Amino acid sequence: LLELDEPAFAHTVLDATFPVAEGPAGLEARLAELEAEAVAAVDAGRGVLVISDAAVNEQRAPVPALLAVSMLHTHLTRVGKRLQGAIVVDTGDAREDHHFACLVGYGASLVYPRLTHESVAALAAEDPRGTGIGIAEAQSNARQAIEKGLRKIMSKMGISTVKSYRGAQIFEAVGLSDEFVEAAFPGTPTRIGGISLEYC
């Protein structure tokens, strides 16, 4: 997608990492910067916004993918620019079908599970059980399993298309404070309460 030389797929990669040394304050600051960068990218005609935590290392911690997606989706909606940009997530966070369901449910158009693909490739290369399954086939199998799980989740909610599910926010938060949910996941019920952003 990122290699396409088409104006309709012009993209911007938004670095979803922050300095470890800055702690929670660094996370909050980076989220605010991501919102501003996303608006600037859309205004510049970039129709694909790629949230990526690929720059994570010992000095830079990842912004949780779900938090970044929801904050960008919410902010772009508030400023009337959500329909001008697709949110693509390049993350190591997404491993299970529930993770994908949450990311899509809070606004992601596409999810690239980088760490999952790398892990499956490494396992296929080692082939400890002697299955003979190659890397490409193993990654295809993993993708099909995730897609099947996502379809099952959607069907249980009575939703038949991804378009209807994307951004629907049909979830309930557990262990997050009202203030945190209102800022990051507005409209999501949170009956128990819990931690705020500063403790993430």
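What you see is a predicted model, and the numbers here were worked out from it, not measured in a lab.

*Asks:* I would appreciate a short explanation of the environment of alanine 36 in the present structure.
*Replies:* Structurally, the position occupied by alanine 36 is in helix 1 (residues 23-43). On the accessibility criterion, alanine 36 (46% relative accessible area) is partly exposed. Once the C-alpha coordinates of alanine 36 and methionine 157 are considered, the two residues, 121 residues apart in sequence, prove to be 34 Å apart.

*Asks:* I tried to follow the pattern of salt bridges on my own but got confused; where do I start?
*Replies:* Any two side chains of opposite charge can pair, so long as their charged atoms come close to each other. A full pass over the atoms with the stated rule returns 7 salt bridges. In this structure, arginine 60 and aspartate 15 form a salt bridge, with 3.6 Å as the shortest nitrogen-oxygen distance. A residue pair is termed long-range when its members are at least 10 positions apart, and arginine 60 in strand 4 (residues 60-62) and aspartate 15 in strand 1 (residues 11-15) qualify at 45 residues. Accessibility expressed as a relative area gives 25% for arginine 60, which makes it partly exposed. Given a relative accessible area of 27%, aspartate 15 falls into the partly exposed group. Residue aspartate 43 pairs with lysine 81 through a salt bridge whose shortest N-O separation is 2.8 Å. With aspartate 43 in helix 1 and lysine 81 in the loop between helix 2 (65-78) and strand 5 (86-91), this pair connects stretches of sequence that are 38 residues apart.

Cut-offs and rules
- Residues numbered from 1 in each chain as written.
- Predicted model: local features only at pLDDT ≥ 70, side-chain atom pairs only at ≥ 80, totals over all residues.
- Heavy atoms only, no water.
- Helix = DSSP H or I, 4+ residues; strand = E, 2+ residues; numbered from the N terminus.
- Buried < 20%, exposed > 50% of the residue type's maximum accessible area, 1.4 Å probe, protein only.
- Salt bridge = Lys/Arg side-chain N within 4 Å of Asp/Glu carboxyl O.

Everything listed is a geometric property; what it means functionally is a separate question.
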